[in-house]
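# Examining the three-dimensional arrangement
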Amino acid sequence: MKCEHADELMMNYLDGVLSKDQAYQLNQHLQKCDSCVETFYAYEQIQEEFKKMSVVEVPEDFTRNVMSKINKITPQYHLEPQSCIENINGIVWGIFSILFGIGVLLVMYQQELLQFLLNNPYTASWIGQFIPTFDLLADYLVQLQHNINEVFVFVQKIMGNIKNVLIFILIVLGVVQYQIYRKEKVEI
Ligand SMILES: [Zn+2]
């Protein structure tokens, strides 16, 4: 269900004209959508305030009329798109920092990893399945090691001694992650 439709059903509920089927649908949506729950509470609160204030009996479509007027005044009232973007931001940051973290570890432990892959008989035999003869495998591994080393030398030339900078960036990413996470928590 879209949030606009949920909004419509909330109006029905507050006006006391929500059908059983609609109530079920609305419940389903509210369980998944924090933004609409927030809106729902806000509506209820406003209605409570109006009830306290009004001496005369509230007409059936009172809430709907008031809300449609309020919505016209503040069309940006719905928080849904904003919170969606924040969710996506969190995911993108998360994936980026994981990939970056793996990258940093690969750069830092390149020699150990390379050594491990070349020395480990299990890895070697696994690679051997793709290459028919052992000589070819050996040649291939030497060539591979040479190529990888060249890449690493190149990377190292660029990176120089900025491993600390990489770690610093990683920490910054972690802090940003934490801030986004905390912000989401507070908004719920
Ligand atoms: Zn919603």
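Bear in mind the structure is a predicted one, so any value in this text is a computation, not a measurement. (Residues numbered from 1 in each chain as written. Predicted model: local features only at pLDDT ≥ 70, side-chain atom pairs only at ≥ 80, totals over all residues.)

### As for the overall build of the protein
Note the threshold: Numbering goes from the N terminus for both helices and strands, where a helix is a DSSP run of H or I of at least four residues and a strand is a run of E of at least two. With C-beta atoms placed from the backbone, a residue is labelled by how many other C-beta atoms lie within 10 Å of its own: buried for 20 or more, exposed for 12 or fewer, partly exposed between the two. By definition, residue pairs are in contact when their C-beta atoms, positioned from the backbone, come within 7 Å.
A tally of helices and strands in the protein yields 9 helices and 0 strands. The N-to-C order of helical and strand elements in the protein reads α-α-α-α-α-α-α-α-α. Across the 188 residues of the protein, 6% fall into the buried class. Relative to all contacts within the protein whose residues are 6 or more apart in sequence, the contacts with residues 24 or more apart total 68%.

### Focus: the nonpolar core
Condition: To form a nonpolar core, buried Ala, Val, Leu, Ile, Met, Phe, Trp, Tyr and Cys residues must be joined through C-beta atoms within 7 Å.
Counting 6 residues, the largest nonpolar core consists of Ala 6, Leu 9, Met 10, Leu 26, Cys 36 and Phe 40. Of all the elements in the fold, those that place two or more residues in this core are helix H1 (3–14) and helix H3 (34–53). The element that contributes the greatest number of residues to this core is H1, accounting for 3 residues. Once residues within four sequence positions are removed from consideration, Phe 40 is found in contact with Met 10 and Leu 30.

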